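The chain contents come next:
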Amino acid sequence: MCIRDSYQPDPAAYFAHLRQAPGAILLDSARPGAERGRFDLLSAWPLQQLQAQPDEDGRVFLQRLRAGLAQLGHADLPNGVELPFAGGLIGYLSYDFGRRLEHLPSLAVDDLGLPDAQLGLYAWALVSDHLLGTSQLVFHPSLADDERQRLIRLFQDTTTTTGDFRLLAPMVGDLEPEQYKTAFDQVQRYIQAGDCYQINLTQRFRAPCQGDPWRAYQALRQACPTPFSGYQQLADGSTLLSFSPERFIRVSQGQVETRPIKGTRPRASDPAEDQRNAQELLHSPKDRSENLMIVDLLRNDLGRTCEIGSVRVPELFSLESYPNVHHLVSSITGQLASDKDALDLIGDSFPGGSITGAPKIRAMQIIDELEPARRALYCGSLLYVDVRGEMDSSIAIRSLLIKDGQVSCWGGGAVVADSQWQAEYEESIAKVRVLMQTLQSL
């Protein structure tokens, strides 16, 4: 069942009413004019919170998610209504959920203590369609009428409040340049030895903070609008903020798409210089080879769950530009096999190859050896999976975790044989500079 509400191009007007509610979550296009920025989706008060348990196998957890969807039950939208969600799962998988799917070492320190996965089972959502200019409350048939009426009344109130947010010290990286160079040099030795041909090397930045994370999200959203943004309030008081430009996997009516980003140049205030940067990226043999390596990896990943012969690459080396960087992006598509579902895709493809390197498992082993702390949300995914089998998911780059009075964010990039350590170090900072500067200006 759908109930039309007044259209809001900015979901803040609606989400402010429930952002502190249990299980509050927003999947936010933040670029409503963009091709991949059509829908916003928000909800709260889940029927269940499903969290990965200590030592639980990843595929066992995915089966628990599947059982939750079955318990909620199938639902259809009215004829002619095209919306991405009819009730189901919304939440996150951390990068470290990949440890539950593959055999990896445990060398990197888990100093943030973020659960590897947490998804809620939701019987309603408010969905805004920026193409048609509509906002609609979507109710699963199982949702009680009194709860429907409560939600309708809730969203009729247009008053909003936001607190203050500030850093208590500048954000600083965990690695000194020489420490980064040491890790970079070890990657080069592994490449020369034939262990791998690309590694995504990351560093973390953090600072003490206080205040309302929603204020931070709104400021960052304005500074860095991206089509896979998101905000999730966790039960322990932690908050996830993400401003990702990258789709991981989308499933719609059995059609599968992944859109890896590999290749980056900074934006410039001078239009001529900015255009030169974009053209340099488009025609860079190094960046094109990096991208192609990951396209091949993801063709293989999708091939594990898609119909044989259905995997295609309809888009190769496209330019996408954001406020802080230009990116090189490709698209890989396929047809989901008849005996597989969206959660099988997650099990066979997570984490996304664009943020590991290649070959994937060896790359993840090297990452665990060389990065001193676990990545937590960074390079994981914010996602929904609905009761019809529809799914969309991000690669959680440009993401922050606010937990225990500290804000953390991460920046990284691909290291290949002809990479230069200084350039890679600067790129890892450039990717999150706008986030850090925005927080420091509050």
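Everything in this summary refers to the structure shown in the same document. Within every chain, residues take consecutive numbers counted from 1 along the sequence as written. The predicted origin of the model limits local features to residues at a pLDDT of at least 70 and limits the giving and counting of side-chain atom pairs to 80 or more, whereas totals for whole chains, interfaces and linings rest on all residues. Water and hydrogen atoms were dropped before computing side-chain values, which therefore reflect all heavy atoms in the structure.

A word on the environment of glutamine 440
We count a stretch as a helix when DSSP gives it H or I for four or more residues in a row; a strand needs E for two or more, and each element gets its number in order from the N terminus. Its location among the elements puts glutamine 440 in helix H10 (residues 421–441). When accessible area is computed with a 1.4 Å probe and restricted to protein chains, residues below 20% of their type maximum are described as buried, those above 50% as exposed, and intermediate ones as partly exposed. Overall, glutamine 440 belongs to the partly exposed group, its relative accessible area being 39%. It is 27 Å that separates the C-alpha atoms of glutamine 440 and asparagine 200, two residues lying 240 residues apart in sequence. Note on contacts: a residue pair is in contact if any heavy atoms of the two residues lie within 4.5 Å. Beyond its immediate stretch of four places on either side in the chain, glutamine 440 contacts Leu167, Pro170 and Met171.

Re unusual backbone geometry
Here the bond from phenylalanine 350 into proline 351 is cis, since omega is -10°, no more than 30 degrees from zero. Counting through the fold element by element, proline 351 comes out in the loop between helix H8 (342–349) and strand E19 (357–358). Of note, the bond from alanine 358 into proline 359 is cis; its omega dihedral lies within 30 degrees of zero at -10°. Positionally, proline 359 belongs in the loop between E19 and helix H9 (360–370). Of note, aspartate 55 is a non-glycine position whose phi angle comes to about 65°, a positive value. The backbone of arginine 398 sits at a positive phi, close to 50°, despite the residue not being glycine. Mapped onto the elements, arginine 398 comes out in the loop between strand E21 (391–394) and strand E22 (399–403).

A short note on the pairing of strand E15 (residues 255–258)
Two strands form a pair only when DSSP identifies at least two bridges running between them. Relative to E15, strand E14 (residues 247–252) is paired through 3 bridges, and the arrangement is antiparallel. Each residue of the ladder has a partner; that of serine 252, found in E15, is glutamine 255.

Quick look at helix H6 (residues 271–282)
For H6, which comprises 12 residues, the first-to-last C-alpha distance of 17 Å matches the rise-based estimate of 16 Å (1.5 Å per residue) to within 8%. In this fold, the buried residues of H6 make contact with strand E16 (261–266), helix H7 (285–303), strand E17 (312–321) and strand E18 (325–335). Expected span of a helix, by definition, is 1.5 Å for each gap between consecutive residues, and there is one gap fewer than residues.

Here we look at the nonpolar core
Grouping buried Ala, Val, Leu, Ile, Met, Phe, Trp, Tyr and Cys residues that are joined through side-chain atoms within 4.5 Å yields what is termed a nonpolar core. With 131 residues, the main nonpolar core has Leu18, Trp124 and Phe155 as its most contacted residues. In this structure, tryptophan 124 is in contact with Leu18, Leu42, Ser43, Ala44, Trp45, Phe85, Leu137, Val138, Phe139, Leu143, Leu151 and Phe155, ignoring residues within four places of it in sequence.

What to know about the environment of proline 170
Take proline 170: it is sitting in the loop between strand E9 (165–167) and strand E10 (172–173). Spatially, the C-alpha atom of proline 170 lies 6.6 Å from that of glutamine 440, the residues being 270 residues apart in sequence. Setting aside chain neighbours within four positions, we find proline 170 in contact with Arg206, Ala207 and Gln440.

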